[in-house]
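Take a look at the letters that make up each chain.
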2 protein chains.
Amino acid sequence: MTEQQAVLDMLEILECGGCVEPAHFFTLMRRTFRIAHLLYLEAEPYADELKVCRLHHTFGAYAAEIYRSRGLHRIDPILKLALGGVRPVEWTMARHRFPECEPLFQAAQEIGISTEGVALPLPSPAGRMALLAINVNMSASEWSTYRRHHLRDFQLAANLFHAAMLEHGAMAGSITTRDMRLTGRETEVLTWAAAGKSYWEIATILGISERTVRFFMTNARRKLNVVSNTQAVAQAVRHALIPTV
Amino acid sequence: MTEQQAVLDMLEILECGGCVEPAHFFTLMRRTFRIAHLLYLEAEPYADELKVCRLHHTFGAYAAEIYRSRGLHRIDPILKLALGGVRPVEWTMARHRFPECEPLFQAAQEIGISTEGVALPLPSPAGRMALLAINVNMSASEWSTYRRHHLRDFQLAANLFHAAMLEHGAMAGSITTRDMRLTGRETEVLTWAAAGKSYWEIATILGISERTVRFFMTNARRKLNVVSNTQAVAQAVRHALIPTV
DNA sequence: TGCGTAACTGTCAGTAGCGACAGTTCAAAT
DNA sequence: ATTTGAACTGTCGCTACTGACAGTTACGCA
């Protein structure tokens, strides 16, 4: 059981938080498993687009350029499924369920990238979403067996790596955690605004002046980088910055 | 490798979505692994408290009553750590890091519940949080070895069960089919309003008159039973009535 | 052929939201 | 002891939103 031992050793390294470099993690994964390529994506929802917070992968610059220039992110079903759900997403399954995404898989074949793989959703706190996509160079039947044995390893490894990235990122101060943190009052006024209260009502509820409510709301809008109270509330709800009714 | 086979079989059952009953899942887990007790909790942050959305466990009514009556949730470090993070939380680790939680573990010993176990965070979309706590009846050293081998199984099983619960809950929760179902245009204008667009901008985007945008928005407010666009958007985001991506 | 529903439009008057002006007070951190 | 940040307040003027008035058009279905 040398292979088993190697897997367990790798997982132990990850659990001890000894792997915060994406490149290091990718190397470790490729050494331990029969993996062709890896992709780690951390994003947050934004209006009708996705805002990418972190992106690391081993597909190379050429593949990334193809993906970007052809706008394949618009039809990529793996993004939608993995960033929206909790369940692992099988690439071939996504391909069959969404015929309109054929250009994506054809582009992959063009540049010699296999179309077998799985994407693991890694939901994070505060409304962010992340995924680890794993690409393998195997036949369908081979992959089926391999996946059956190692999906659990992939899932735990992905979770541990993701945890390390989040902890590390919190220190490094990502886009969300530095200037976007709302004060107590800002959260309060947003919460009441989301409950449909007007400035006057909020002022009465909190026992402060209407002007002050506007002050907090303006600060909240500035911090959230939005233009209206409505947008601010949408953002706050999405990012779980205000309590759910 | 009979044990390995049993584990893989169980994970396959879970992956096929063949296990939405918590009691069924718990039985399956206890039959497959050397687990004493299980607890599944789904909650969402509310003000400075936690609002429990779903709670299933095998600890029995007496233990639950002890936990509730003594207010142990206030000092339970596992709740804090597991609902706040992404990394598995070891019970003894939490016990040593938070000396003030001793009453919790003493209560467990009183009623004959082991203090060895692990809690797996299961973050969900939309700011909700969940965890699966696993309690075992082993010595510390025994648990250490067992955990090393099976944490990956626990993690994947927990994720798959959680996914099934979410999917099932989405069905059960969407009994909102009374009059709260929005039409296509209503969804569109709400989406753009959530993106911070004004009536004039939305009208331009959709190629209709500003009055018509107001018409749809008014209908949406009436259907959602709210008084402002801001509240409507908050409600729509919370109930996933408008696309988050 | 009617009936219901979704999509669409116009006008008026009142209220609410929002930006920009210019401040004070208090507690904690450096 | 100075600085930083949160909490707080006032006024002016413009724009956006909201309710209530009163309609038309097109589609599917019984």
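Residues numbered from 1 in each chain as written. Chains lettered and ligands numbered in written order. Predicted model: local features only at pLDDT ≥ 70, side-chain atom pairs only at ≥ 80, totals over all residues. Heavy atoms only, no water.

Enquirer: Help me understand the protein's contact with DNA strand D in this model?
Expert: Close to DNA strand D lie 17 residues, the nearest being Arg-185 and Thr-212 of chain A together with Arg-214, Arg-221 and Asn-229 of chain B. The protein-proximal atoms of DNA strand D, defined as those within 4 Å of the protein, are 57% sugar or phosphate. Here a phosphate oxygen of DNA strand D and a backbone polar atom of Ser-209 of chain A are 2.6 Å apart. In this structure, Thr-212 of chain A approaches DNA strand D through a side-chain N or O atom, which is 2.6 Å from a phosphate oxygen. Contributions of two or more residues to the surface near DNA strand D are made by helix H8 (184–194) and helix H10 (210–224) of chain A together with helix H10 (210–224) of chain B. Counting residues per element, the surface near DNA strand D draws most heavily on H10 of chain A, which supplies five residues. Class assignment for the residues of the surface near DNA strand D results in four nonpolar, seven polar and six charged. (Near = heavy atom within 4 Å. Polar contact = N/O pair within 3.5 Å; in protein donor to acceptor, adjacent residues only side chain to side chain. Helix = DSSP H or I, 4+ residues; strand = E, 2+ residues; numbered from the N terminus. Nonpolar A, V, L, I, M, F, W, Y, C, P; charged D, E, K, R; others polar.)

Enquirer: For this particular structure, what's the right way to read the protein's contact with DNA strand C?
Expert: Taken together, the neighbourhood of DNA strand C is formed by 18 residues, with Arg-214, Arg-221 and Asn-229 of chain A together with Arg-185 and Thr-212 of chain B sitting nearest. Considering DNA strand C, the proportion of its atoms within 4 Å of the protein that are sugar or phosphate atoms stands at 58%. For DNA strand C, a phosphate oxygen lies 2.4 Å from a polar atom in the side chain of Arg-221 of chain A. Contact distances for DNA strand C include 2.3 Å between a phosphate oxygen and a side-chain N or O atom of Asn-229 of chain A. Secondary-structure elements contributing two or more residues to the surface near DNA strand C are H10 of chain A together with helix H8 (184–194) and H10 of chain B. Counting residues per element, the surface near DNA strand C draws most heavily on H10 of chain B, which supplies five residues.

Enquirer: Looking at this structure, how should I read the pairing of strand E5 (residues 129–136) of chain A?
Expert: In regular strands, side chains alternate between the two faces of the sheet. All names here are of chain A. Across the eight residues that make up E5, a large majority, eight, are buried. Taking every second residue as pointing to the same face, both faces of E5 are buried, with Met-129, Leu-131, Ala-133 and Asn-135 on one and Ala-130, Leu-132, Ile-134 and Val-136 on the other. Bridge count between strand E4 (residues 116–121) and E5: six bridges; the pairing is antiparallel. When the bridges of E5 are listed, Glu-116 appears paired with Val-136. (Buried < 20%, exposed > 50% of the residue type's maximum accessible area, 1.4 Å probe, protein only. Pairing = 2+ DSSP bridges.)

Enquirer: What is the right way to read the nonpolar core from this model?
Expert: In this structure, Met-29, Ile-134 and Phe-154 of chain A together with Met-29, Ile-134 and Phe-154 of chain B are the most contacted members of the largest nonpolar core, which totals 62 residues. Setting aside its immediate chain neighbours within four residues, Met-29 of chain B contacts Met-10, Ile-35, Leu-38, Ile-134, Phe-154 and Ala-157 of chain B. By size, the runner-up hydrophobic cluster in this structure holds 40 residues, among which are Val-233 of chain A together with Phe-216, Ala-220 and Leu-224 of chain B. (Core = buried A, V, L, I, M, F, W, Y, C linked by side-chain atoms within 4.5 Å. Contact = heavy atoms within 4.5 Å.)

Enquirer: Can you walk me through the pattern of salt bridges in this structure?
Expert: Side chains that differ in charge, positive against negative, can pair when their charged atoms come close. Following the criterion strictly, the structure yields 22 salt bridges over all chains and no others. Between Glu-102 of chain A and Arg-95 of chain A there is a salt bridge whose closest N-O contact spans 2.8 Å. Residue Glu-102 of chain A is classed as partly exposed on the basis of its relative accessible area of 24%. We note a salt bridge from Arg-185 of chain B to Glu-188 of chain B, for which the minimum N-O separation is 2.9 Å. Here the residue Arg-185 of chain B and the residue Glu-188 of chain B both occupy positions in helix H8, the gap between them amounting to three residues, near one helical turn. The exposure class assigned to Arg-185 of chain B is partly exposed, which follows from its relative accessible area of 30%. Through salt bridges with shared partners, a single network forms among Asp-9 and Glu-12 of chain A together with Arg-148 of chain B. (Salt bridge = Lys/Arg side-chain N within 4 Å of Asp/Glu carboxyl O.)

Enquirer: Help me understand the interface of chain B and chain A, please; the structure alone is not making it clear to me.
Expert: Interface extent is often summarised as the accessible area lost during association of the parts. In this assembly, 55 residues from chain B lie in contact with 56 residues from chain A. For the pairing of chain B and chain A, the buried interface totals around 4800 Å² over both sides, and the portion due to carbon and sulfur atoms is 55%. Considering only the surface of chain B that becomes buried against chain A, Arg-87, Arg-152 and Arg-238 of chain B emerge as the three largest contributors, covering 17% of it. At the surface where chain B touches chain A, the tally comes to six salt bridges. For Glu-12 of chain B, the salt bridge identified is with Arg-148 of chain A, shortest N-O distance 1.8 Å. Between the two partners, chain B and chain A, sit nine residue pairs in polar contact (both at pLDDT 80 or more). If you list the elements that add at least two residues to the side of chain B that touches chain A, you get helix H1 (2–15), strand E1 (37–46), helix H7 (140–173), H8 and helix H11 (229–238) of chain B. (Buried area = accessible area lost by both parts, 1.4 Å probe.)

Enquirer: Please clarify how the packing of H8 of chain A against H10 of chain A should be interpreted in this entry.
Expert: Between two packed helices, what matters for the description is the angle formed by their axes and the separation of those axes. Residue and element names in this part refer to chain A. Contact geometry for H8 and H10: axes closest at 9 Å, N-to-C directions at 95°. What the angle tells us is that H8 and H10 run roughly perpendicular. Judged by residue contacts, Arg-185, Glu-186, Val-189, Leu-190 and Ala-193 of H8 engage Val-213, Phe-216, Met-217, Asn-219, Ala-220, Lys-223 and Leu-224 from H10. Across the contact of H8 with H10, the residue classes break down as eight nonpolar, one polar and three charged. (Axes fitted to C-alpha atoms, helices over the stretch in contact; angles between N-to-C directions. Parallel < 35°, antiparallel > 145°, perpendicular 65-115°, else oblique.)

Enquirer: It is not clear to me how the confidence of the model for chain A should be interpreted in this structure. Could you clarify?
Expert: Interpretation of this model should avoid reading the predicted coordinates in detail wherever pLDDT is low. Residue and element names in this part refer to chain A. Per-residue confidence for chain A gives a mean pLDDT of 84; residues scoring 70 or more make up 89%. Here helix H1 (residues 2–15) is the element of chain A with the lowest mean pLDDT, 79, and E4 is the one with the highest, 93. pLDDT under 50 marks residues 171–178. Its contacts with residues more than four places away, or in other chains, come to ten contacts. (pLDDT = per-residue confidence, 0-100.)

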